[in-house]
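Tertiary structure, described
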Amino acid sequence: MNNSQNSRLLVGHDALVASIAAALKDPGRLGVVVVGDAGFGKTALAQAVLGALGPKQRPFRISPSTALVRVRFGALARFLDPTVGAEVDSPPDVLSKVQRSLVQRLAASGSEAVLVIDDAHNLDEDSARVIAQLAVTGAAKLLVLSRPKPAPPAEFLSLWSDGLLSRFDLGPLTGRQAHELCEQVLAGEVLTSASAALAKVSGGNPLFLLALIAQARRLDQLVERNQVWLLRNYHPTADLHLTDLVREQLLRRTPAELEVLQTVALAEPLPLSWLCQAAGEAEIDALEEDNLISISKGPRRLVRSAYPLFGEVVRQLVPAARSRRIRARILEVMDGPQPSPESLVRFVNWSLDCGATVPEQQLLQAAGSANRNFDPTFALRAAEAVKSSGNRTAAKIEMAHAHYHRGDLKRAASLLEHCIESAADGATVRAASLLTAWVHLGLGGRPAGLIDIADTWRKSAVRISSQAASNPDTAMELAQPAMLAQRAHLRGSRLMELQSLQLQGRFAGVEAELRELAGAGEPDAESRLVALMLLAELLTCTGRPEGAVQATTAALQVLAGDTDSRFPYYEYVLIRHAFALVRLGKFGDVAEVLADFTRSGLRSELYFSGALQLIEGLVALAQGQMPLALRKLATAIEALREVDLDQLLPYALGLASYAASLAGRRDLVASYSEALGNLPYEGSLHFHLLARAYSAASQAALYGASESVQELRQLADHGQRDGLLSAEKDVRELALRLGDVGQLARLMELTDGFEGAEAACLNSYVHGIIRKDADQLMAASEQARGAGYQLLAAECLGQSVLLLQNSGDRKRARAAVHLLQLRRSELAGVSTLQLGGPDDTTELTPRERDIVTMVVNGQSNREIAAHSSLSVRTVEGHLYRIFTKLGINRREDLTSADITTARRDLSYRH
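Residues numbered from 1 in each chain as written. Predicted model: local features only at pLDDT ≥ 70, side-chain atom pairs only at ≥ 80, totals over all residues. Heavy atoms only, no water.

1. Here we look at the overall build of the chain
For clarity, the cut-off: Only DSSP runs of H or I covering at least 4 residues are called helices, and only runs of E covering at least 2 are called strands; the numbering of each starts at the N terminus. Burial classification: accessible surface area is computed with a 1.4 Å probe over protein chains only, and a residue below 20% of its type maximum counts as buried, one above 50% as exposed, and the rest as partly exposed. Each accessible area is a Shrake-Rupley result for a 1.4 Å probe, and residues are judged covered by the shown protein chains and nothing else. Note that His is not counted, nor are the chain ends; the positive residues are Lys and Arg, and the negative ones are Asp and Glu. For charged residues, the charge sits on one atom: NZ in Lys, CZ in Arg, CG in Asp, CD in Glu.
Helices and strands together make up the secondary structure of the chain, namely 47 helices and 11 strands. Dimensions of the chain along its principal axes, counting C-alpha atoms only, are 105 × 95 × 45 Å. Relative to its 910 residues, the chain shows a buried fraction of 56%. Counting only carbon and sulfur atoms, one obtains 51% of the accessible surface of the chain, whose full area is about 38,300 Å². Averaging the positions of the 96 positive and the 103 negative side-chain charges in the chain gives two centres separated by 3 Å.

Next up, the structure:
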């Protein structure tokens, strides 16, 4: 193992290295036992510990192998004279010889011996006894490295139980450590979902994780996009190297244990009751104790491989004939349906591997489960195995869904043509309608197009209901179910129409209807769930995030009762929940919501990672942490370019452009703004307005504030007309930040009625400006800081400083300036925010400020004239007046500081 790999295996273990080194130096200790599974980095850890010990302790390595387990004193051969054979049978003589050998080797240096025993579980009993005696007699310290199974030799465990050896257990990598390891290997930013997925597959085993990273890169599944590493179309597999790593762990298992492992891997997750009938309980207990299988708690007691990679390798190693035999045995002991959607998918996949005939309804159920769990590879396999004409439409829908998840929207749209009209049952009509709507929006279709899709849905549902009613043999029997189904279709299609109106910002009358459909008495759980999601969006868009959180909480309760995972909405609800919490300023709750994604499944986190990073970037922006905000938003953008199920990429690009402008990254402002303009879709009107607004505000860093303010005013008026009050508030706040005091009255009106800490802090800020109340602005600053809005806190204080300076109260102004400097220091990477301060004394007009901005950005007089619709001579005249006001003589003397110098205060003038 090379030094580079050693250092990677030590990620996150600095404190552990120090603790082990300290224990070895402790005169009251004989040494240390380090216990960890293969691949956990015991050898690398020992190497680091030896480096920390220094020259006074000299290591001697003992590396027993499995071949020497039955050879007496075989591990100590390096310390024994090979010409003497008779005396090797005597442990005291061997102890004496080893002691003499150590004394001779240490004579010149005067160092203390440290025996490093790698793979101590392979020691023969006599060698272990002699080594323990060497430690007891003080001849050497011990650094014992062993796996938990088989356990370290009894002699070492006895010394540990007596308190003479310290024991340290190496566990799997934490999520943070796995992410750090990935970034170290890839030498760049890694999407959190990518490192989390690889960590889950590897079980946190560092050696396996390194091998998975290398394999994913070879297979072009781990790719770099604009200096961000992410996973695409990831499906865990094991190449030869990974297979060999896992196979090595299987060598010590008995044939009966191996068969249990194979059964679990092929059928997982399967109920413990089934496994106990197909295998011995002693073997099951041994494998669980050795952490090779896991058994869930609860009534189902589902059994799985300890981690996905292990199960994948074991499946690959099972011969086809044995696989068929194990499948037949499981079929014999099955006493009911598959216990979970995941087990259904696994069983159908296994059956197809065995060449067995699988009923088409089961194929369709498995394909649907795979799509709901974001496994398009298997969904395609199952759906393509459906051949009958009667089920072909349903199969095409599942294939389209799989292509939708893979990002091939055109292929999905092609497969969906006429599927709604040709569907033979209500469930297929609903699935085809919903998917057609998603694909339509993903391809850049207008929200109004959902009205037509909803109409087609309604007509097809009526057709199916009429056909059922016209059959005299089943008409009476199916009358009641048909009526309930028809009502569900009417509600579902109406919800699609309401979604269309909402996406267009047409909220009139929508809320009352959504509240009715979202009521607790609604018999159709899926319709209620969708209504709650839409209601949460509406309330967030109209400044009522507390109500939105109530709606998303109710939706999560509905999903908690969905034990069969029928509804593919969990991630969508969590995202809306998080956005509402951000509006409320509950950043701690936001972090908990995002952490829930790590528990929602391997693939769902990959598909929604862009939204997660976007929300984290939004929080960092509000907190004034620009480097973090830019990093999170950059990773969000790359993830959303791969998969954007919620159409959040426009918003992410707008936010990133604005964060870049605050950080002084004009290069990124230009690139993100250009990317936003080239997008084929816009998303909802709410996020579309916000994306344009943040992008417009960012242009002030390139061309000055005048044009940005004009565009922001138009966007704010647009939001006001359409009732998008949250977006309107954000847009007017951006304009105010650029010096547009005309926004104050409307901002006060808006925030007076808004819910949440964000609006309350902004309301205090606006009231302070209008009243020219420095004390209220300072109080507003503390209020915003306490709520986590560091950016707004600094702005409040900056305005207070300007008021105090203008009032002539120099003592309080100096104190406020000192506090402002502290607040500025809390804003990481913010370089262009106008906060006021002691140098704000000279007035530049808005036009002059724009010209300064363009000069600082390197534009020539001719370029400035062309952009501003002025003559070159007029630009030169402006520059002359600017130089006079600022007391400089050359354009080279202008700096970005001059853009914020001379900023007028925002005092409201009636």
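2. Describing the side chain of Thr540
Put simply, the rule reads: By the criterion applied in these results, polar contacts are pairs of N or O atoms within 3.5 Å in which, for protein atoms, one can donate a hydrogen and the other can accept it, and in which residues neighboring in sequence qualify only through two side-chain atoms.
Structurally, Thr540 is set in helix 26 (residues 525-541). In this structure Thr540 comes out as buried when scored by relative accessible area, which is 10%. From its side chain, Thr540 meets the backbone oxygen of Ala536 in a polar contact 2.9 Å long.

3. Description of helix 37 (residues 705-722)
Here is the rule we go by: Expected helix span is given by 1.5 Å per residue-to-residue step, counting one fewer step than there are residues. For this quantity, the arc is that covered by the directions from the helix axis to the C-beta atoms. When checking whether two residues touch, look at their non-hydrogen atoms; a contact exists if any pair is within 4.5 Å.
Here helix 37 is 18 residues long and its end C-alpha atoms lie 26 Å apart, about the 26 Å a rise of 1.5 Å per residue gives. Restricting attention to buried positions, one finds in helix 37 the residues Ala705, Ser708, Val709, Leu712, Leu715, Ala716 and Gly719. One face of helix 37 carries all of its buried residues, which in axial projection span an arc of 130 degrees. Away from the buried face of helix 37 by more than 90 degrees, exposed residues Gln714 and Arg721 are located. Next to the buried residues of helix 37 lie helix 35 (685-698), helix 36 (700-703), helix 38 (725-737) and helix 44 (846-856).

4. A few points about the side chain of His179
Along the chain, His179 falls in helix 7 (residues 175-186). Here His179 is in contact with Val190, Leu191, Thr192 and Ser195, once residues within four sequence places are set aside.

5. Concerning the sheet that holds strand 10 (residues 293-295)
Test applied: If DSSP finds at least two bridges between two strands, the strands pair.
Taken in spatial order, the 3 strands make up an open sheet running 9-11-10, and their pairing is antiparallel. Two strands close off the open sheet at either side, each with one partner strand: strand 9 (270-271) and strand 10. In the sheet, strand 10 pairs with strand 11 (residues 302-305) via 3 bridges, with the strands oriented antiparallel. Opposite Ile293, over in strand 11, you have Ser305 as the bridge partner.

6. Section: the pattern of salt bridges
Heads up, the condition is: We count a salt bridge whenever a side-chain nitrogen from Lys or Arg sits within 4 Å of a carboxyl oxygen from Asp or Glu.
Under the criterion given, the structure shown has 46 salt bridges. Across the pair Asp667 and Arg665 runs a salt bridge whose closest N-O atoms are separated by 2.8 Å. Residue classification places Arg665 among the partly exposed positions, given a relative accessible area of 37%. For the salt bridge of Glu826 with Arg785, the shortest nitrogen-to-oxygen distance reads 2.9 Å. You can see Glu826 sitting in the loop between helix 43 (810-825) and helix 44 and its partner Arg785 sitting in helix 41 (residues 774-787), a full 41 residues away along the chain. Classification of Glu826 by relative accessible area gives partly exposed; the value is 26%. Here Arg785 falls in the partly exposed class, since its relative accessible area comes to 31%. Salt bridges sharing common partners tie together Arg583, Lys729, Asp730, Glu733, Arg737, Glu758 and Glu795.

7. Points about the pairing of strand 4 (residues 141-146)
Keep this limit in mind: Think of it like this: strands point away, you trace from the first strand over the helix to the second, and a clockwise trace means the crossover is right-handed.
Across the 6 residues of strand 4, 6 count as buried, placing the element largely inside the fold. Alternating residues of strand 4 divide into Lys141, Leu143 and Leu145 and Leu142, Val144 and Ser146, and every residue in both groups is buried. Inspection of the sheet shows strand 1 (residues 31-35) paired to strand 4 by 5 bridges, in the parallel sense. Bridge pairing in strand 4 links Val35 to Ser146. Two elements, strand 3 (residues 112-117) and strand 4, share 4 bridges in a ladder whose sense is parallel. Counterpart to Ile117 in the pairing with strand 4 is Val144. For the crossover from strand 3 across helix 5 (residues 125-136) to strand 4, the handedness is right-handed.

8. Regarding the packing of aromatic side chains
For clarity, the threshold we go by: Stacked, tilted and edge-to-face pairs are distinguished by plane angle, under 30 degrees for stacked and over 60 for edge-to-face with tilted covering the rest, among Phe, Tyr and Trp rings (Trp via its six-membered ring) whose centres lie within 6.5 Å. Charge over a ring is defined by NZ of Lys or CZ of Arg lying within 6 Å of the ring centre and within 35 degrees of the ring normal.
Under the defined criterion, the tally for this structure stands at 14 aromatic pairs. Centroid distance Tyr651 to Tyr694: 6.5 Å. Interplanar angle 55 degrees. Geometry classified as tilted. Residue Tyr651 is located in helix 33 (residues 649-662), and its partner Tyr694 is located in helix 35; the two are separated by 43 residues in the primary sequence. Note on Tyr651: relative accessible area 3%, which makes it buried. Tyr694 sits in the buried class, given a relative accessible area of 9%. The aromatic ring of Trp160 is capped on one face by Arg167, whose charged end is 5.1 Å from the ring centroid.

9. Examining helix 29 (residues 587-596)
In an α-helix, one turn spans 3.6 residues; hence positions three or four apart end up facing the same way. Where helix 29 is concerned, the buried positions are Phe587, Val590, Val593 and Leu594. Within helix 29, the buried residues cover an arc of 110 degrees as seen down the axis, which keeps them to one side. In this structure, the buried residues of helix 29 make contact with helix 28 (570-584), helix 31 (609-622) and helix 41.

10. Details of the environment of Leu309
Structurally, Leu309 can be placed in helix 14 (residues 308-317). Residue classification places Leu309 among the buried positions, given a relative accessible area of 1%. Sequence-wise, Leu309 and Ala670 are 361 residues apart; in three dimensions their C-alpha atoms are separated by 43 Å. Residues contacting Leu309, with those up to four places away along its chain left out, are Val201, Ser202, Phe208, Leu212, Thr237, Ala238, Leu242 and Val246.

11. Re the sheet that holds strand 5 (residues 165-169)
Applied cut-off: A fitted line through C-alpha atoms serves as each axis, taken over the contacting stretch for helices, and the angle formed by two N-to-C directions is quoted from 0 to 180°.
Strand order in the open sheet formed by 5 strands is 2-3-4-1-5, and the pairing between neighbours is parallel. Sheet topology places strand 2 (57-62) and strand 5 at the edges, where each strand pairs with a single neighbour. When the angles between neighbouring strand axes are averaged without regard to direction, this sheet yields 15 degrees. Sitting on the sheet, helix 4 (residues 91-106) is in contact with strand 2 and strand 3, with an inclination near 135 degrees to strand 2.

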